[in-house]
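# Structural characterization, general
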Amino acid sequence: MRAVAAGSDAGPSSMDAMAAFAALFDESFEAMRRLAYLLGADDPENIAQEAFVRLHGRWQTLYDDSKALPYLRAMVVNLSRSRLRHLRVVRRTPPDVMLDELSAESHAMARQEHRRIREALGKLSRRQREVLVLRYWLDLDQAAIAETLGVAVGTVKATTSHAMTNLRKHLEEW
């Protein structure tokens, strides 16, 4: 165990806070990076890093540690929105990234299916895409989605229904 230097303000509670933050980072970074990716960010790792940096700056002001993960999710959603908004201004149409196809047919078909689903998600409205990603990728319940997006539970229910209808329509077009 490391001894705390005399006069240092890193007392036991500060050490506990640092350990709690480090544990949250270890447990949640990859999930936040994937969330940013699914929301359409072209730099999901940077989005996740920025969310953790901002959370770290506010860590000492959190009243309840259980609110850290929902706060982090909301921050990733908001940073992803901002990044997408910025990219639309900077470049009208981002170039498609050509992915190398694997030689095995099953891998190629899976990649094509993933691309179709991602394109179909891209055709949904921002709110519909966010609700579906939070619901089916993070497996959040309606209350958690409502808290993350700052909307009512009824809005989440209606948006999910409309999003699924639109997603089915876009996938059937193929």
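Definitions and cut-offs
- Residues numbered from 1 in each chain as written.
- Predicted model: local features only at pLDDT ≥ 70, side-chain atom pairs only at ≥ 80, totals over all residues.
- Heavy atoms only, no water.
- Helix = DSSP H or I, 4+ residues; strand = E, 2+ residues; numbered from the N terminus.
- Buried < 20%, exposed > 50% of the residue type's maximum accessible area, 1.4 Å probe, protein only.
- Contact = heavy atoms within 4.5 Å.
- Areas by Shrake-Rupley, 256 points an atom, 1.4 Å probe, with all protein chains shown as cover.
- pLDDT = per-residue confidence, 0-100.
- Axes fitted to C-alpha atoms, helices over the stretch in contact; angles between N-to-C directions.
- Parallel < 35°, antiparallel > 145°, perpendicular 65-115°, else oblique.
- Nonpolar A, V, L, I, M, F, W, Y, C, P; charged D, E, K, R; others polar.
- Phe/Tyr/Trp six-rings, centres within 6.5 Å; stacked < 30°, edge-to-face > 60°.
- Lys NZ or Arg CZ within 6 Å of the ring centre and 35° of its normal.

## Quick word on the overall build of the protein
Tallying secondary structure elements over the protein gives seven helices and zero strands in all. Counting all 174 residues of the protein, 32% fall into the buried class. Taking as baseline every contact in the protein between residues at least 6 positions apart, the subset at least 24 positions apart corresponds to 65%. As presented, the protein carries roughly 11500 Å² of accessible surface, and 53% of it is formed by carbon and sulfur atoms.

## Regarding the confidence of the model for the protein
This prediction gives the protein a mean pLDDT of 81; 82% of its residues lie at or above 70. Within the protein, helix 6 (residues 142-149) carries the highest mean pLDDT (93), whereas helix 4 (residues 105-123) carries the lowest (80). Within the model, pLDDT remains below 50 along residues 1-12, and this stretch shows five contacts once partners closer than five positions in the same chain are excluded.

## Quick notes on the packing of helix 6 against helix 7 (residues 153-172)
Across the interface, helix 6 lies against helix 7 with an axial gap of 8 Å and an inter-helix angle of 105°. Looking at the two axes, helix 6 sits roughly perpendicular to helix 7. Contacts from Q142, A143, I145 and A146 in helix 6 reach V153, V156 and K157 in helix 7. In terms of residue class, the contact of helix 6 with helix 7 is made up of five nonpolar, one polar and one charged.

## Regarding the environment of G150
Mapped onto the elements of the fold, G150 is located in the loop between helix 6 and helix 7. The exposure class of G150 is exposed, given its relative accessible area of 63%.

## So, the packing of aromatic side chains
Following the criterion strictly, the structure yields five aromatic pairs and no others. Ring geometry for F25 versus F52: centroids 4.9 Å apart, planes at 70°, classification edge-to-face. Highlighted residues: F25 in helix 1 (residues 12-38) and F52 in helix 2 (residues 44-58), separated in sequence by 27 residues. Classification of F52 by relative accessible area gives buried; the value is 3%. Taken together, F21, F25, F29, F52 and W59 form an aromatic cluster joined through their ring pairs. A cation over an aromatic ring shows up here: R118 above the ring of Y37, its NZ or CZ 4.2 Å from the ring centre. It is R135 that lies over the ring of Y136; its NZ or CZ is 5.2 Å from the centre.

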